[in-house]
Amino acid sequence: QLSSFRFTVKRLFSTSHSSVDSEEMKKFQLLAHKWWDEEGEFSALHSMNDIRVPFIRDSLLNMSSNYHLGNPLAGVKILDVGCGGGLLSEPLGRLGASVTGIDPLEDNIRTADRHKSFDPVLAKRIQYKSSSLEEMVEESMETFDVIVASEVVEHVADLETFIKCCSQVLKPEGSLFITTINKTQLSYVLGIVVAEKIMGIVPEGTHEWEKFVPPEELERLLEANGFSVKTVNGMLYNPLSGSWSWMESTSVNYAVHAVKSGAQRQSSPADAMSEVEGEQPSAPAGSAL
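None of the values given here were measured: they were computed from a predicted structure.

### Observations concerning the pattern of salt bridges
Turning to step 1, where the next piece is worked out: Tallied over the entire structure, the rule returns 16 salt bridges.
Turning to step 2, where the next piece is worked out: Two residues, Glu23 and Lys26, come together in a salt bridge whose shortest N-O distance is 3.2 Å. Placement of both Glu23 and Lys26 in helix H2 (residues 22–29) is noted, with a separation of 3 residues, approximately one turn of the helix.
Turning to step 3, where the next piece is worked out: Put simply, Asp145 and Lys171 hold a salt bridge, and the shortest N to O gap is 3.1 Å. Linking Asp145 in strand E4 (residues 144–150) with Lys171 in strand E5 (residues 170–181), this pair joins segments that are 26 residues apart in sequence.
Turning to step 4, where the next piece is worked out: Judged by relative accessible area, which is 30%, Lys171 ranks as partly exposed.
Turning to step 5, where the next piece is worked out: One salt-bridge network, held together by shared partners, links Asp21, Glu24, Lys27, Glu208 and Lys211.

Have a look at this one:
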């Protein structure tokens with residue numbers, strides 16, 4: 001059994017998808033059927049929707065003048081990277097977005113597909129694919145308005161490659177939302193010792209502290225790869241109530257909203273005028289970029 005599973009993993013990655021970590025795949029393979037058990041291993045991700053969904057929705061609405069009552073994200077194309085069983089794809093679809101959920105594990109995609117099929121509205125709005133982010137780059141350059149990578153970057157093999165790929169499939173001025181775990185002593189104690197070993201909120205072995213990402217490091221990588229970081233918010237999980245809230249400190253969990261820089265800054269007449277006034281007439285077009 002194990003050897004056939006190893007062969008499957010090997011076959012999946014024979015084309016060397018650099019941001020997917022096959023060891024991480026093995027962990028999640030064993031849990032693929034449990035995504036929609038709200039009391040089970042993924043209960044903290046279910047309750048995270050209470051804050052991550054409004055964070056995504058409100059950040060996008062603050063940037064847009066188009067409001068659709070009842071369907072605030074209508075017309076927005078979202079890529080949910082590492083979508084698992086669809087826990088975040090579904091509420092985003094309910095807000096009107098057109099969602100593509102990708103995950104390298106076929107069992108996760110099967111679970112997600114089965115669950116969305118119970119709701120005919122979601123069945124139309126959400127499409128799931130067993131795919132790595134790198135594979136999406138090949139077919140979907142500058143396709144999406146929004147990328148969501150929630151509780152994913154602490155599992156990827158190469159974070160910079162991952163962020164570069166996000167940039168490639170995002171439209172200019174598109175939004176990237178990330179939630180992840182800081183690399184601090186406190187995150188080790190709470191995220192691994194308490195959550196995994198003592199309380200069993202998260203299956204043991206889910207996280208490796210070495211792969212946790214400090215917000216400063218994430219911001220540096222984002223800014224170096226053409227993103228402007230708009231928001232970094234700390235998140236707090238209360239294991240007793242099973243609920244999440246926002247907090248000042250990013251010492252354990254945090255959420256980031258970053259925006260990809262536009263292809264042409266001088267796209268509006270006002271921008272073009274201010275650039276012309278600030279430059280010598282001989283300056284070549286686009287020199288401000």
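### Details of the sheet that holds E5
Turning to step 1, where the next piece is worked out: The strand order E3-E2-E1-E4-E5-E8-E6-E7 describes an open sheet built from 8 strands, whose pairing is mixed. The two strands at the open ends of the sheet, each matched to only one other strand, are strand E3 (126–130) and strand E7 (243–247). Looking at each pair of strands side by side, their axes are set apart by 20° on average, direction ignored.
Turning to step 2, where the next piece is worked out: In this sheet, E4 lies alongside strand E1 (residues 77–81) in parallel orientation, the contact comprising 3 bridges. Bridge pairing in E4 places Ile78 opposite Val146.
Turning to step 3, where the next piece is worked out: Taken strand by strand, helix H3 (residues 43–63) contacts E4, E5, strand E6 (227–238), E7 and strand E8 (253–260), and its axis lies near 150° from that of E5.
Turning to step 4, where the next piece is worked out: Its contacts with the sheet place helix H5 (residues 106–116) against strand E2 (98–103) and E3, and it is angled at close to 160° to E3.

### A few points about the packing of aromatic side chains
Within a pair of aromatic rings, the relevant descriptors are the distance that separates the centres and the angle that separates the planes.
Turning to step 1, where the next piece is worked out: According to the stated counting rule, one finds 5 aromatic pairs in the structure shown.
Turning to step 2, where the next piece is worked out: Relative to Phe42, the ring of Trp35 lies with its centre 3.8 Å away and its plane at 5°, an arrangement referred to as stacked. Of the two residues examined, Trp35 and Phe42, each falls in the buried class.
Turning to step 3, where the next piece is worked out: Centroid distance Phe55 to Phe177: 5.7 Å. Interplanar angle 80°. Geometry classified as edge-to-face. Residue Phe55 is located in helix H3, and its partner Phe177 is located in strand E5; the two are separated by 122 residues in the primary sequence. When sorted by exposure, Phe55 lands in the same class as Phe177, which is buried.
Turning to step 4, where the next piece is worked out: Chaining the aromatic ring pairs together yields one cluster made of Phe55, Phe177 and Trp246.
Turning to step 5, where the next piece is worked out: The ring of Phe144 carries Lys77 above its face, with NZ or CZ at 5.6 Å from the centroid.
Turning to step 6, where the next piece is worked out: Of note, Lys183 hangs over the ring of Trp209, and the distance from its end group to the ring centre comes to 5.3 Å.

### Points about the environment of Ser130
Turning to step 1, where the next piece is worked out: Checked against the element boundaries, Ser130 lands in strand E3.
Turning to step 2, where the next piece is worked out: On a C-alpha basis, the gap between Ser130 and Gly82 in space is 9.6 Å, while along the polypeptide they are 48 residues apart.
Turning to step 3, where the next piece is worked out: Residues in contact with Ser130, not counting those within four places in the same chain, are Asp103, Pro104, Leu105, Glu106 and Ile109.

### Here we look at the confidence of the model for the protein chain
Turning to step 1, where the next piece is worked out: With 84% of its residues at a pLDDT of 70 or more, the protein chain shows a mean pLDDT of 85.
Turning to step 2, where the next piece is worked out: Here residues 264–289 is a poorly scored stretch, pLDDT under 50, and it has 12 contacts once near neighbours within four places are set aside; other chains count.

### Notes on H3
Turning to step 1, where the next piece is worked out: Taking 1.5 Å per residue, 21 residues should reach 30 Å; H3 reaches 31 Å between its end C-alpha atoms and fits that length.
Turning to step 2, where the next piece is worked out: The largest bend along H3 reaches roughly 40° and is located at Asn49.
Turning to step 3, where the next piece is worked out: In terms of burial, H3 is largely enclosed, as 15 of its 21 residues are buried.

The rules behind the values
- Residues numbered from 1 in each chain as written.
- Predicted model: local features only at pLDDT ≥ 70, side-chain atom pairs only at ≥ 80, totals over all residues.
- Heavy atoms only, no water.
- Salt bridge = Lys/Arg side-chain N within 4 Å of Asp/Glu carboxyl O.
- Helix = DSSP H or I, 4+ residues; strand = E, 2+ residues; numbered from the N terminus.
- Buried < 20%, exposed > 50% of the residue type's maximum accessible area, 1.4 Å probe, protein only.
- Pairing = 2+ DSSP bridges.
- Axes fitted to C-alpha atoms, helices over the stretch in contact; angles between N-to-C directions.
- Contact = heavy atoms within 4.5 Å.
- Phe/Tyr/Trp six-rings, centres within 6.5 Å; stacked < 30°, edge-to-face > 60°.
- Lys NZ or Arg CZ within 6 Å of the ring centre and 35° of its normal.
- pLDDT = per-residue confidence, 0-100.
- Expected span 1.5 Å × (residues − 1).
- Bend = angle between axes of the 7 residues up to and from the residue.

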